[in-house]
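Descriptive structure summary
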Amino acid sequence: MAAVNILETRGLSKSFGGVHANSDVDFELARGKVTALIGPNGAGKSTFVGMVSGRIEATRGQVLFEGADISHLPAHKRIQLGLAYTFQITSIFAGLSVEENVALAARRLLAGQPEALVKRVTSVLARVGLSDRAVQIAGDLSYGHQRILEIAMGLAQEPKIFILDEPTQGLAESEVDDFITLVRALAGETTILLIEHNMRVVMETADMIAVLDQGRMLAEGTPDDIRANADVQAAYLGTSTDA
Amino acid sequence: MTDNSKSNLMHIGVLVVLFALFFILPVYHAGNMSRIMVLAVYAMGFNLLFGYTGLLSLGHAMFFAAGMYGFGLTTNLGGLPVPLAFGFGVICAGVLALVVGFLALRTIGVAFMIVTLMFAQTAYLVVLYFGTYTRGDEGFVIQQAQRSIAGIDLTSETGRYFTALLIFGICFLLIARLVQTPFGKTLVAIRENEERTRMLGYDSHRHKLKILVISGLFSGVAGATYALLFGYVGATFATVQYSIFPLVWVLLGGAGTTIGPLIGVFFMFYLINISSGFTDAYMLVVGVVLVLLTLFAPHGLAGLLRKKVLTWLP
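Residues numbered from 1 in each chain as written. Chains lettered and ligands numbered in written order. Predicted model: local features only at pLDDT ≥ 70, side-chain atom pairs only at ≥ 80, totals over all residues.

Some points on the overall build of chain B
Within chain B one finds 14 helices and four strands. A compact globule built from 314 residues would reach a C-alpha radius of gyration of about 20 Å, and chain B, at 19 Å, matches this within 12%. With the principal axes as the frame, chain B shows a C-alpha extent of 50 × 45 × 40 Å. Within chain B, the fraction of its 314 residues that count as buried is 47%. (Helix = DSSP H or I, 4+ residues; strand = E, 2+ residues; numbered from the N terminus. Rg over C-alpha atoms; globule rule 2.2 N^0.38 Å. Buried ≥ 20, exposed ≤ 12 C-beta atoms within 10 Å, placed from the backbone.)

Considerations on the packing of helix α3 (residues 61-76) of chain B against helix α10 (residues 204-230) of chain B
Residues and elements named next belong to chain B. Where α3 contacts α10, the axes come no closer than 6 Å and their chain directions differ by 45°. It follows that α3 is oblique to α10 by the angle criterion. In terms of crossing hand, the pair formed by α3 and α10 is right-handed. Contacts from Phe63, Phe64, Ala65, Ala66, Gly67, Met68, Gly70, Phe71 and Gly72 of α3 reach α10 at Gly216, Ser219, Gly220, Val221, Ala222, Gly223, Ala224, Tyr226, Ala227 and Leu228. (Axes fitted to C-alpha atoms, helices over the stretch in contact; angles between N-to-C directions. Parallel < 35°, antiparallel > 145°, perpendicular 65-115°, else oblique. Left-handed = near helix turned anticlockwise from the far one by under 90°. Contact = placed C-beta atoms within 7 Å.)

Considering unusual backbone geometry
Residue and element names in this part refer to chain A. Of note, Glu66 is a non-glycine position whose phi angle comes to about 50°, a positive value. Within the fold, Glu66 resides in the loop between β4 (60-65) and β5 (68-69). The exposure class of Glu66 is partly exposed, given the 16 C-beta atoms found within 10 Å. Its identity as a non-glycine residue notwithstanding, Glu158 has a phi of 45°, on the positive side. By the secondary structure assignment, Glu158 is in the loop between α5 (143-155) and β7 (161-165).

Quick look at the nonpolar core
Core analysis: the largest hydrophobic core is formed by 160 residues, its most contacted members being Val102 and Ala152 of chain A together with Val41 and Ala65 of chain B. Tallying contributions element by element places helix α2 (residues 27-52) of chain B first for this core, with 15 residues. A domain-level breakdown of this core finds at least three residues from each of domain 1 (1-82 + 159-243) and domain 2 (89-158) of chain A. Among all residues touching Ala152 of chain A, those that are not within four sequence positions of it are Val102, Val124, Leu125, Val128 and Leu130 of chain A. (Core = buried A, V, L, I, M, F, W, Y, C linked by C-beta atoms within 7 Å. Domains from an automatic or database assignment.)

Topic: the interface of chain B and chain A
Each partner contributes to the interface: chain B provides 13 residues, whereas chain A provides 17 residues. Secondary structure elements with two or more residues in the side of chain B that touches chain A: α8 (182-192) and α9 (194-198) of chain B. Of the residues in the side of chain B that touches chain A, the class split is five nonpolar, two polar and six charged. (Nonpolar A, V, L, I, M, F, W, Y, C, P; charged D, E, K, R; others polar.)

Overview of the packing of helix α12 (residues 260-278) of chain B against helix α14 (residues 300-308) of chain B
Residues and elements named next belong to chain B. At their nearest, the axes of α12 and α14 sit 7 Å apart, and the two run at 130° to each other. Judged on the interaxial angle alone, α14 and α12 are oblique. Along the contact surface, α12 presents Gly260, Ile263, Gly264 and Phe267, while α14 presents Gly300, Leu301 and Ala302. Of the residues contributing to the contact of α12 with α14, the split by class is four nonpolar, three polar and no charged.

Here's the deal with α3 of chain B
Spanning 16 residues, α3 of chain B covers 21 Å between terminal C-alpha atoms, matching the ideal 22 Å at 1.5 Å per step. When you tally the buried positions in α3 of chain B, you get 16 out of 16 residues, the bulk of the element. (Expected span 1.5 Å × (residues − 1).)

Observations regarding the sheet that holds β5 of chain A
All names here are of chain A. With respect to topology, four strands assemble into an open sheet ordered β2-β1-β4-β5, the strand pairing being antiparallel. The sheet terminates laterally at β2 (19-30) and β5, the two strands that pair on one side only. As defined by bridge partners, β4 adjoins β5 across two bridges and the pair is classed as antiparallel. In the strand pairing of β5, Phe65 is matched with Ala68. (Pairing = 2+ DSSP bridges.)

So, the sheet that holds strand β6 (residues 83-86) of chain A
Residue and element names in this part refer to chain A. Strand order in the open sheet formed by six strands is β6-β7-β8-β3-β9-β10, and the pairing between neighbours is mixed. A strand with exactly one partner marks an edge of an open sheet, and here the two such strands are β6 and β10 (216-221). Neighbour-to-neighbour, the strand axes of this sheet turn through a mean angle of 15°, independent of strand direction.

Re the pairing of β4 of chain A
Residues and elements named next belong to chain A. Summarising the sheet, strand β1 (residues 5-16) and β4 pair through five bridges and their orientation is antiparallel. Bridging across to β4, Thr9 finds its partner in Val63. Hairpin geometry of β4 and β5 is characterised by an intervening segment of two residues between the two adjacent antiparallel strands and by a positive phi of about 50° at Glu66.

With respect to the domain arrangement of chain A
Residue and element names in this part refer to chain A. You can read the domains of chain A as domain 1 (1-82 + 159-243) and domain 2 (89-158). Once you take the C-alpha centre of each, domain 1 and domain 2 turn out to be 24 Å apart. Facing the nine residues of domain 1 at the interface are nine residues of domain 2. A per-element tally of the side of domain 1 that touches domain 2 places helix α6 (residues 173-186) first, with three residues. Of the residues belonging to the side of domain 1 that touches domain 2, the class tally is six nonpolar, one polar and two charged.

What about the environment of Thr155 of chain B?
Residue and element names in this part refer to chain B. Position of Thr155 among the secondary structure elements: in the loop between β3 (152-153) and α7 (157-178). Expressed as a C-alpha distance, the spacing of Thr155 and Gln143, which sit 12 residues apart in the sequence, is 9.9 Å. When neighbours within four sequence positions are excluded, Thr155 is seen to be in contact with Gln144, Arg147, Arg160 and Gly231.

Structural notes on the pairing of strand β8 (residues 191-195) of chain A
All names here are of chain A. When you tally the buried positions in β8, you get five out of five residues, the bulk of the element. What you see with β8 is no split at all: Thr191, Leu193 and Ile195 on one side and Ile192 and Leu194 on the other are buried throughout. The pairing of β7 with β8 spans five bridges and is classified as parallel. Following the sheet pairing, Ile163 is matched in β8 by Leu193. Between the parallel elements β7 and β8, the chain passes through α6 in a crossover that is right-handed. (Right-handed = clockwise from strand over helix to strand, strands pointing away.)

Quick look at the structure:
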């Protein structure tokens, strides 16, 4: 039987000069679940997933993926293992068509199979509702559609872990609803690690919530646990107004 | 008709036109076209790196010169048969590109430009340093007797034109194919957004090293062919000027298009050729035209075509 946790971090730390962005973060990501990582601005959430995905080199600590230590693998190797990462700041191929953006994401896996590639691109675009914009240049899309294209590029890789860094940032309410529907549909298919500021999205999608505060893991648990947690209320929900 | 078949038709069409031109053009212009086709191979090699991958090298003359000297020295001093010497020249350029790439690709952007420029400058000085063999600036001539393959005299206008066309054609079709492969498309992705490409699981460093070697190989083919067809090997071809030429050709013709390099070399060649017939200050004319083109067609001539009419242009 597969282990319960698909990903673990042990003592993961990152210092930028004297600033401790992450200190000894021990974290477990449950397979097949949607886990939300929340915390006030500057809590170190993006740094944390940066270290998980390999974009940022950890100062100390380990990242274990399916039991294997991947701490020293470069980012592209981790992605090849089955991690997908969507950027907080939209990072698409602005000069290429929407379908080529998605094709690039899928092509690494389907390089020798042009028909399967076309099929995958078509189905992913249909799933996120971008089919009618397939031939448009990605840079010409509206901001919301570019965010959705980011997600489509992640989906096209059929990842084992899908890391979404603030995917709903800047989306309209109706687009946020679509996003919630999409994440719910994905639950069970893949493991999702969601960094999110929008509490409605977190409460409606997450099976588990982890709270980072000042670079430390403050609490982990189900949405109900977290809601009831006094530390979290003090650090985040109760006192912070930017939620 | 699909974009792919249009593109195939275009590439074949260009080769057919070049074939026919020999029988239409006066001898003088046919001679020019031979030179243009060889230099276009050089420009196409450069375009793979600059136009498709977004890496601007300011030292490509070293690869052109490596092909040229690798061929010229082994055939002249070593007495190697032409095909072997030619192959040796091309390999020289490839190995040089591998070594330079290994070191230079640790840098990006302006630093990459400067590092490649420095390596090319070193290569130029090496040519001068070994003046006993290379005859330095003066260069050396490859004897007519050595410039034939399988009984075909490459010093005749016909032999020269069709050899140039053959080599151009092979490179042209190879590159047209290459940019359509998954590898070629990943290069474009690196040009557009390297960080994103890496985060899609592609080893961007490896891709860049590979394409630098391929680009060096094509440049080496051009250098060796130039020496073979025009019989002269000289240090001028290793100067910084010959590193800048392909950049100008590609920018003019259209970076990141398969046809752009040929158009760029053709345009520049005749621009100099015609304007120098009118005035000694022909570089001034060239300069003005370049400024105008940059203003009104920043993506080059083929880039302009792609934007306005032929959106399928590869």
